[in-house]
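Structural features, examined
Next come the chains, spelled out residue by residue.
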Amino acid sequence: MTVESRPADRSWDDLWQLYYEAFEPLQELALLNHLFPRADFDALLGDERVSKLIAWVDGMPVGLAMITNELALVPQISPPFLHAKYPEQAAANSIFFGIMVFVAETHRRSTTFARLIAGMGQITAQAGGVVVFDICRHNMAELELDQQLASIARWFPGSSFERIDEQSYFAATLPTPTERRLPINPLPRSTAPEQPAALDDRIAEPTRVG
């Protein structure tokens, strides 16, 4: 396993293929999108503020983890939330986020995943910090991924592991007909005019102020 700030360009296609194969199935299993576009994935690979832990077998990558303490790089999280919860680590710039960790299907029964998350733990421990992950419900229920990540704390004396937040999604299915007892009238099916209104050819003069 290597720890790199910017992997060699020749490995990017292989890493992307592994990433896509690992996260594409979640598109139908989790509401939050876990699959970055290729351009965003490449941007993370090239960003030296993100540490990449890569597992190799016979010169080919079989697993990847990304971790960073530059929280502004991570979409859909709130750095102020983490700063407020961990003020000491925030002052030391030692709050880390585990952006992703995955292993090729052919090596998921090996120790590769454990070694990758152990490496993320080492990076965090060297800074005396805290590392944060997000896990979808599917990966908790089917893969017990939260329990696997909790092993980080057990490897480091005096550490702890906790759930710090939870996001739930709700849906209301509302079949027709509309409910006429509500205090608003039912909306028409379409509020758009059948024909677009003609544009006025004249351009209004700007209003002068002062």
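A short tour of the structure in this document, coming up. A quick note: this is a predicted structure, and the numbers were derived from the prediction, not measured.

1. A word on the sheet that holds strand β5 (residues 130–132)
- Taken together, five strands build an open sheet; the order of strands is β1-β2-β3-β4-β5 and the sheet is mixed. Strands with a single pairing partner mark the edges of an open sheet, and in this sheet they are β1 (2–4) and β5. Strand after strand, the sheet turns through a mean of 30° between neighbouring axes, direction not considered.
- One ladder, built from three bridges, connects β1 with strand β2 (residues 50–57); its direction is antiparallel. Note that in β2 the partner of Val 3 across the bridge is Leu 53.
- Strand contacts of helix α2 (residues 38–46): β2, β3 (60–68) and β4 (95–103), with the helix running at about 80° to β3, the strand carrying the most contacts.
- Those strands touched by helix α5 (residues 112–126) are β1, β2, β3, β4 and β5, and its axis lies near 165° from that of β4.

2. Concerning α5
- The first and last C-alpha atoms of α5 sit 21 Å apart over 15 residues, in line with the 21 Å expected at 1.5 Å per residue.
- Taken residue by residue, α5 has Thr 112, Phe 113, Leu 116, Ile 117, Gly 119, Met 120, Gly 121, Ile 123 and Thr 124 as its buried positions.
- The secondary structure elements touched by the buried residues of α5 are β1, β2, β3, β4, β5 and α7 (145–155).
- Downstream of α5 by a residue or two, Gly 128 has a phi angle that is positive, lying close to 60°.

3. So, the packing of α5 against α7
- Taken N-terminus to C-terminus, the directions of α5 and α7 make an angle of 50°; their axes are 10 Å apart at the nearest point. In terms of orientation, α5 and α7 fall into the oblique class. Viewed along their axes, α5 and α7 form a crossing whose handedness is right-handed. Taking contact as the criterion, the partners of Phe 113, Ala 114, Ile 117, Ala 118 and Gly 121 in α5 are, on α7, Leu 145, Gln 148, Leu 149, Ser 151, Ile 152 and Trp 155.
- In the contact of α5 with α7, the residues fall into eight nonpolar, three polar and no charged.

4. Focus on the packing of aromatic side chains
- Considering all chains together, one arrives at eight aromatic pairs under this definition.
- Seen from their ring centres, Trp 16 and Tyr 20 are 6.0 Å apart, and the 40° between their planes marks the pair as tilted. Note that Trp 16 and Tyr 20 are positioned in helix α1 (residues 12–23) at a spacing of four residues, about one turn of the helix.
- By relative accessible area, which is 14% here, Trp 16 ends up buried.
- Connected via pairs of aromatic rings, a cluster forms that spans Trp 16, Tyr 19, Tyr 20, Phe 23, Phe 36, Phe 41 and Phe 102.

Rules used in this analysis
- Position labels on residues start from 1 in each chain and follow its written sequence.
- Whole-chain, interface and lining totals are the exception, using all residues; otherwise, since this is a predicted model, local features are given only for residues with pLDDT of at least 70 and side-chain atom pairs are given and counted only at 80 or more.
- Side-chain metrics in this entry use all non-hydrogen atoms of the structure; hydrogen atoms and water are not considered.
- One bridge is not enough; two strands pair if DSSP finds at least two bridges between them.
- Numbered from the N terminus, helices here are DSSP runs of H or I no shorter than four residues, and strands are runs of E no shorter than two.
- Between the N-to-C directions of two axes lies an angle of 0 to 180 degrees, each axis being a line fitted to C-alpha atoms and, for a helix, fitted only over the stretch in contact.
- Any two residues having at least one pair of non-hydrogen atoms within 4.5 Å are treated as being in contact.
- Expected span, for any helix, means 1.5 Å times one less than how many residues it has.
- For every residue, the accessible area (1.4 Å probe, protein chains only) is compared with the maximum for its type, and the residue is labelled buried under 20%, exposed over 50%, or partly exposed between those bounds.
- Any angle that is under 35 degrees is reported as roughly parallel, and any over 145 degrees as roughly antiparallel; angles of 65 to 115 degrees are reported as roughly perpendicular and all others as oblique.
- A crossing counts as left-handed when the near helix is turned anticlockwise from the far one by less than a right angle, and as right-handed when that turn is clockwise.
- Amino acid classes used here: Ala, Val, Leu, Ile, Met, Phe, Trp, Tyr, Cys and Pro are nonpolar; Asp, Glu, Lys and Arg are charged; the rest, including Gly, are polar.
- Centre distance within 6.5 Å is the pairing criterion for rings of Phe, Tyr and Trp, where only the six-membered ring of Trp is used; planes under 30 degrees apart are then read as stacked, over 60 as edge-to-face, and the remainder as tilted.

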